[in-house]
Amino acid sequence: MSHSPAEAALTAAPPKPDSKPARPEFSSGPCPKRPGWNAEAVVAKAYLGRSHRAAKPKAQIKEAIDRIAGILGVPEGYRVGIVPASDTGAFEMAMWSMLGARPVDMLVWESFGQGWATDATKQLKLDDVRVLTAGYGELPDLNDVRKDADVCFTWNGTTSGARVPNADWIAADREGLTFCDATSAVFAQDMDWSKLDVTTFSWQKAMGGEAAHGVLILSPRAVERLESYTPDRPLPKIFRLTKGGKLIDGVFTGATINTPSMLCVADCIDALDWMDGIGGLNATMARANANATALQDWMDATPWVENLVSAPEARSNTSVCLKIVDPAIGSLDEDAQRAFVKSVTKLLETEEAAYDIGGYRDAPPGLRIWCGSTVDTADIEALTAWLDWAFETAKADLGTV
């Protein structure tokens, strides 16, 4: 399609910004490494070629457990363990080992919560399950949760950018247990441990660590459930947390169920060293808040984009999801909108200005930018100019200016 000189001037791409983010990694999982990370420092900490059951490697695993608990402020009496298969493995382990003793409420407002609900209804086939749903960018009615039921939820919806504002909706005298997928919330948001019985996350999110290892945190009430309830279903070895009706203590003292990567353990220690060095949990939360604020300030001043989450109190400060509200793009069908987003992200990747910021495949067409503590605010600020450039360039290519 040819253009007149006047049309060509209108559709010409805008000039590129002068500077790029120093680190263009903004993926929501695996997430950016800590500032200053280098492989040599991790290798120097790692017990490579050693058995994870030898004294020093096992002590390092226990160190990771203890320091995670310390930085997060996990209360005395809670148990922290490292388990297989990332956050998914940790949450599945908890569901298969403990659900069925009570009614269950599944809260769903993004893809991972939907996955847990599918497991509860179609795989575990529990007798009394309610699925409370909301669309991407929204939350279900949290006050509708039954006090006598177990409740499964994501604290921060990684694929929708919506989080619970607090834990006030969870009854202090609840009869059921809370199962919280906190993988994109820990180290960035204030977790109310008194309201959480089963909490899971992975190193690959807010820690900027490596994948394939999950963390499982159990309250005393959760331990009591494990030791008093035997589900009427087979459990694979990697899901078993009890033996002879008692908690397998080794899982929480460094004796993992299966072989961990000692290189990944060392990388976890490296991330914890960095967190301690900058001031611990208050500092990591402050960094995430600063990043999310910088991105939101730009959105508030930019007419073509908005936060997918309309309620400010429910907006994530880690996995921030953006929707394109420009009328010309909004008038396209969904496939065309997804193609437009893909063109925007491809432009940014080609320019090495931003990697992996397309929205999740099941989410509405849009962008998703990780703002956790391992990202520097200066890089978020530099990114915003490139987002404007990529949007205007992709739009000009459509001939819709």
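Not measured: the values here are computed from a predicted model.

Things to note about the pattern of salt bridges
- Counted under the stated rule, the structure contains 24 salt bridges.
- The salt bridge partner of arginine 79 is aspartate 249, with a shortest N-O separation of 2.2 Å. Placement of arginine 79 in strand β1 (residues 79-84) and of aspartate 249 in the loop between β9 (246-247) and α7 (262-278) is noted, with a sequence separation of 170 residues between them.
- With relative accessibility at 37%, the residue aspartate 249 sits in the partly exposed group.
- Between arginine 287 and aspartate 376 there is a salt bridge, and its shortest N-O distance comes to 2.7 Å. In this pair, arginine 287 sits in helix α8 (residues 281-300) while aspartate 376 sits in the loop between β12 (367-370) and α11 (377-398), placing the two residues 89 residues apart along the sequence.
- Residues joined by salt bridges that share partners form a network here, namely Arg34, Lys45, Glu63, Arg67, Asp270, Asp273 and Asp276.

Brief notes about the sheet that holds strand β3 (residues 129-133)
- Taken in spatial order, the seven strands line up as β1-β7-β6-β5-β4-β2-β3 in an open sheet, and their pairing is mixed. Edge positions in the sheet fall to β1 and β3, since each of these pairs with one other strand and no more. Each strand of the sheet is rotated relative to its neighbour by a mean of 20 degrees, with strand direction disregarded.
- With three bridges joining them, strand β2 (residues 104-108) and strand β4 (residues 150-154) adopt parallel strand pairing. Paired with valine 104 across the bridge in β4 is aspartate 150.
- Lying over the sheet, helix α3 (residues 55-72) contacts β1, β6 (198-202) and β7 (213-218), oriented at roughly 125 degrees with respect to β1.

Things to note about the pairing of strand β11 (residues 319-324)
- Most of β11 sits inside the fold, with five of its six residues counted as buried.
- Bridge count for strand β10 (residues 305-307) against β11 is three bridges, and the pairing is antiparallel. For glutamate 306, the partnering residue across the bridge sits in β11 and is lysine 323.
- By the bridge criterion, four bridges tie β11 to β12 in an arrangement that is antiparallel.

Details of the packing of α3 against α7
- At their nearest, the axes of α3 and α7 sit 10 Å apart, and the two run at 35 degrees to each other. As for how α3 packs across α7, the hand of that crossing is left-handed. Across from Pro57, Gln60, Ile61, Glu63, Ala64, Arg67, Ile68 and Ile71 in α3, the residues of α7 making contact are Met262, Val265, Ala266, Cys268, Ile269, Leu272, Asp273, Met275 and Asp276.
- Tallied by class, the residues present in the contact of α3 with α7 amount to 12 nonpolar, one polar and four charged.

Some remarks on the side chain of aspartate 197
- Looking at the element boundaries, aspartate 197 is found in the loop between β5 (178-181) and β6.
- Discounting chain neighbours no more than four positions away, the residues touching aspartate 197 are Arg174, Gly176, Leu177, Thr178, Ile217, Leu218, Ser219, Arg221 and Ala222.

A closer look at the packing of aromatic side chains
- Scanning the model with the defined rule gives 10 aromatic pairs in all.
- Arranged with centres 6.3 Å apart and planes meeting at 40 degrees, the rings of phenylalanine 153 and tryptophan 155 form a pair that is tilted. Residue phenylalanine 153 shares its accessibility class with tryptophan 155, and that shared class is buried.
- Each ring, one from tryptophan 304 and one from phenylalanine 391, has its centre 4.2 Å from the other, and the planes form 0 degrees; the classification is stacked. Highlighted residues: tryptophan 304 in the loop between α8 and β10 and phenylalanine 391 in helix α11, separated in sequence by 87 residues.

Some details on the sheet that holds β11
- Taken in spatial order, the three strands of this open sheet run β10-β11-β12, and their pairing is antiparallel. Bordering the open sheet on either side are β10 and β12, each of which pairs with just one other strand. Shown here is a sheet whose adjacent strand axes are inclined to one another by a mean of 35 degrees, direction ignored.
- Across the sheet, α8 touches β10, β11 and β12, and the angle it forms with β11 is around 10 degrees.
- Against the sheet, α11 touches β11 and β12, its axis set at about 165 degrees to β12.

Let's talk about empty space enclosed by the protein
- Per the stated rule, a full pass over the model turns up two cavities of 30 Å³ or more.
- Taken as a whole, the largest cavity holds about 60 Å³ of empty space.
- Residue lining of the largest cavity: Thr159, Leu308, Cys321, Leu322, Lys323, Gly359, Tyr360, Ala363, Pro364, Pro365, Gly366 and Leu367, and that is the complete set.
- Counting residues per element, the lining of the largest cavity draws most heavily on β11, at three residues.
- Here the lining of the largest cavity is composed, by residue class, of eight nonpolar, three polar and one charged.

Cut-offs and rules
Residues numbered from 1 in each chain as written. Predicted model: local features only at pLDDT ≥ 70, side-chain atom pairs only at ≥ 80, totals over all residues. Heavy atoms only, no water. Salt bridge = Lys/Arg side-chain N within 4 Å of Asp/Glu carboxyl O. Helix = DSSP H or I, 4+ residues; strand = E, 2+ residues; numbered from the N terminus. Buried < 20%, exposed > 50% of the residue type's maximum accessible area, 1.4 Å probe, protein only. Pairing = 2+ DSSP bridges. Axes fitted to C-alpha atoms, helices over the stretch in contact; angles between N-to-C directions. Contact = heavy atoms within 4.5 Å. Left-handed = near helix turned anticlockwise from the far one by under 90°. Nonpolar A, V, L, I, M, F, W, Y, C, P; charged D, E, K, R; others polar. Phe/Tyr/Trp six-rings, centres within 6.5 Å; stacked < 30°, edge-to-face > 60°. 1 Å grid on protein atoms, 1.4 Å probe; cavity = no way out; pocket = protein on both sides within 12 Å on 5 of 7 lines; lining within 4 Å. Points joined across faces, edges and corners; volume = space filled by probe spheres on them.

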